[in-house]
Amino acid sequence: MKRTAFRRRAAQLSAAAVAALALTGCSRASGDGSAPVAAHRVRDLTYAEDLRVSDAEQRLVARCMARQGFRYWTDRPLSLAESRPLGYVQDDVRWARTYGYGSRIAAKEDRARLRNPNSAYRKGLSATRKAAYDTALDGGRQAELLRTDVPGGGKVSKQTGGCDGEAERQLYGDPQTWFRLDTTASNLRPLYVGKLLHDRRFTAAVHAWSGCMKRAGHPYPDPDAARQSTREHPAVQTRAEEARSFAVETRIAVADATCAREVSLKSVGQDREAHYLAQLDGEYGARLDAYRQVRLKALERAEQIVPART
């Protein structure tokens, strides 16, 4: 089986630390005396809206599988707050005070994944029924193969079929068009991330963040280093050890968010990312707007299928 029920859409991360800064796509001045960053005509989804579309996709898969004579459980193990994407810059102090850097959220997801009822259900089927289940879910070997170009060079492909393919089609429309648009939007960052990492305003903001953290007793060069430091503990811990580790994680995460807010690190990063993204508008702007339009249409459909997560 190619996929399980636990298929949360993950943000594509580059090896660079700024990978999790959101694509802004909003109108703002560049701040360096150059022309204003071009505004996209279509907004992107919020993370809550994106989550609702993902939940709707699973609901559609479950309905389809039921029509094929199989049971299928949808996955909603996390609350809306727990599902919030944790970017390179996290400046929500209240969230950090509650969740730290999200280690307990990740552990909760892992536990849910291990208890995935779809895996247990499939395991209990006969060989013939397993094959039928897999075909019903993703089309099996007969699934359509989609191919498209990747920004910057290269090609990618994926198979689509069965109930997975049907759910995507109901939400996003033509599979090939959606695959092309999604691939473009998900792979633009490597085209400019090197420039962003060395951007004068961005590096100055990171340096200011680092100075703030040093004064708070946490001498780290950047947010990624701070976050990684909280993971330097045994993979398996006793309950007491985990509590101590989480206390340290929370303390550093709160300082991180406080300093990020103090030096406006997130807004600087988003501004500079928007600046570099705008430089790609001539080649990719129309496609990015089309991607956002398709996602907005998918949200309209999702709102008729599932409630918003709370």
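Residues numbered from 1 in each chain as written. Predicted model: local features only at pLDDT ≥ 70, side-chain atom pairs only at ≥ 80, totals over all residues. Heavy atoms only, no water.

### Here's the deal with the overall build of the chain
Step number 1: Helix and strand counts for the chain stand at 13 helices and two strands.
Step number 2: The buried share of the chain, reckoned over its 310 residues, is 47%.
Step number 3: For the chain, the exposed surface amounts to about 16000 Å²; the carbon and sulfur share of it is 51%. (Helix = DSSP H or I, 4+ residues; strand = E, 2+ residues; numbered from the N terminus. Buried < 20%, exposed > 50% of the residue type's maximum accessible area, 1.4 Å probe, protein only. Areas by Shrake-Rupley, 256 points an atom, 1.4 Å probe, with all protein chains shown as cover.)

### Considerations on the pairing of strand 1 (residues 144-149)
Step number 1: Sheet topology places strand 1 next to strand 2 (residues 155-160); six bridges connect them, and they run antiparallel. Paired with Leu-145 across the two strands is Gln-159, which belongs to strand 2.
Step number 2: With antiparallel pairing between neighbouring strands as the criterion, strand 1 and strand 2 make up a hairpin whose turn holds five residues, including Gly-152 at a positive phi of roughly 90 degrees. (Pairing = 2+ DSSP bridges.)

### Overview of the state of the cysteines
Step number 1: One pass over the full model with this rule turns up two disulfides.
Step number 2: Each sulfur in the disulfide pair Cys-64 and Cys-163 lies 2.1 Å from the other. Taking the sign of the S-S torsion, about -75 degrees here, the bridge from Cys-64 to Cys-163 comes out left-handed. Here Cys-64, found in helix 1 (residues 47-67), pairs with Cys-163, found in helix 6 (residues 162-172); they are 99 residues apart in sequence, far enough to count as distant. Here Cys-64 and Cys-163 have matching classes, each one buried.
Step number 3: The disulfide partner of Cys-212 is Cys-259, and the S-S distance across this bridge is 2.1 Å. Residues Cys-212 and Cys-259 share a disulfide whose torsion about the S-S bond is about -75 degrees; that sign makes it left-handed. In this pair, Cys-212 sits in helix 9 (residues 200-215) while Cys-259 sits in helix 11 (residues 239-262), placing the two residues 47 residues apart along the sequence.
Step number 4: Overall, the relative accessible area of 2% leaves Cys-259 in the buried class. (Disulfide = S-S within 2.5 Å.)

### Some thoughts on the side chain of Arg-227
Step number 1: With respect to the element layout, Arg-227 can be found in helix 10 (residues 223-229).
Step number 2: Those residues in contact with Arg-227 that lie beyond four places of it in its chain are Leu-86, Gly-87, Tyr-88, Gln-90 and Tyr-101. (Contact = heavy atoms within 4.5 Å.)

### With respect to the pattern of salt bridges
Step number 1: Scanning the entire structure with this criterion turns up 18 salt bridges.
Step number 2: One salt bridge connects Arg-43 with Glu-49, and the closest N-O pair in it is separated by 2.9 Å.
Step number 3: One salt bridge in this structure joins Asp-199 and Arg-272, with 3.2 Å as the shortest N-O distance. Here Arg-272 lies in helix 12 (residues 265-278) and Asp-199 lies in the loop between helix 8 (193-197) and helix 9, a separation of 73 residues in the sequence. No difference in accessibility class separates Asp-199 from Arg-272, as the two residues are buried.
Step number 4: Three or more residues are tied together by salt bridges with common partners; here these are Asp-199, Arg-201, Asp-271 and Arg-272. (Salt bridge = Lys/Arg side-chain N within 4 Å of Asp/Glu carboxyl O.)

### Some details on unusual backbone geometry
Step number 1: A positive phi angle, near 60 degrees, is found at Ser-264, a position not held by glycine.
Step number 2: Relative to the assigned elements, Ser-264 resides in the loop between helix 11 and helix 12.

### Let's talk about helix 5 (residues 127-138)
Step number 1: Taking 1.5 Å of rise per residue, twelve residues should cover 16 Å, and helix 5 covers 17 Å from first to last C-alpha, within 8% of that figure.
Step number 2: Restricting attention to buried positions, one finds in helix 5 the residues Tyr-133, Asp-134, Ala-136, Leu-137 and Asp-138. Down the axis of helix 5, the buried side of the element spans an arc of 165 degrees, and every buried residue falls inside it.
Step number 3: In this structure, the buried side of helix 5 is in contact with helix 1, helix 4 (117-123), strand 2 and helix 6. (Expected span 1.5 Å × (residues − 1). Arc of directions from axis to C-beta.)

### Observations regarding the environment of Cys-259
Step number 1: Measuring from C-alpha to C-alpha, the distance between Cys-259 and Trp-209 comes to 5.6 Å, with 50 residues separating the pair along the chain.
Step number 2: Those residues in contact with Cys-259 that sit more than four places away from it in its chain are Trp-209, Cys-212 and Met-213.

### Description of the environment of Ala-247
Step number 1: Tracing the chain through its elements places Ala-247 in helix 11.
Step number 2: We classify Ala-247 as partly exposed; its relative accessible area is 39%.
Step number 3: Remark: the alpha-carbon pair of Ala-247 and Gly-100, spanning 147 residues in sequence, is separated by 8.3 Å.

### Re the packing of aromatic side chains
Step number 1: According to the stated counting rule, one finds seven aromatic pairs in the structure shown.
Step number 2: Ring geometry for Trp-95 and Tyr-99: centres 4.9 Å apart, planes at 45 degrees, overall tilted. On the criterion of helical spacing, the pair formed by Trp-95 and Tyr-99 is a turn pair, its members being four residues apart in helix 2 (residues 93-99).
Step number 3: The class for Trp-95 is buried, based on a relative accessible area of 8%.
Step number 4: Taking the centre distance of 4.0 Å and the plane angle of 0 degrees together, the rings of Tyr-172 and Trp-178 count as stacked. Just as Tyr-172 is buried, Trp-178 falls in that class too. (Phe/Tyr/Trp six-rings, centres within 6.5 Å; stacked < 30°, edge-to-face > 60°.)

Spatial relationships are all this shows, so hold off on functional conclusions.
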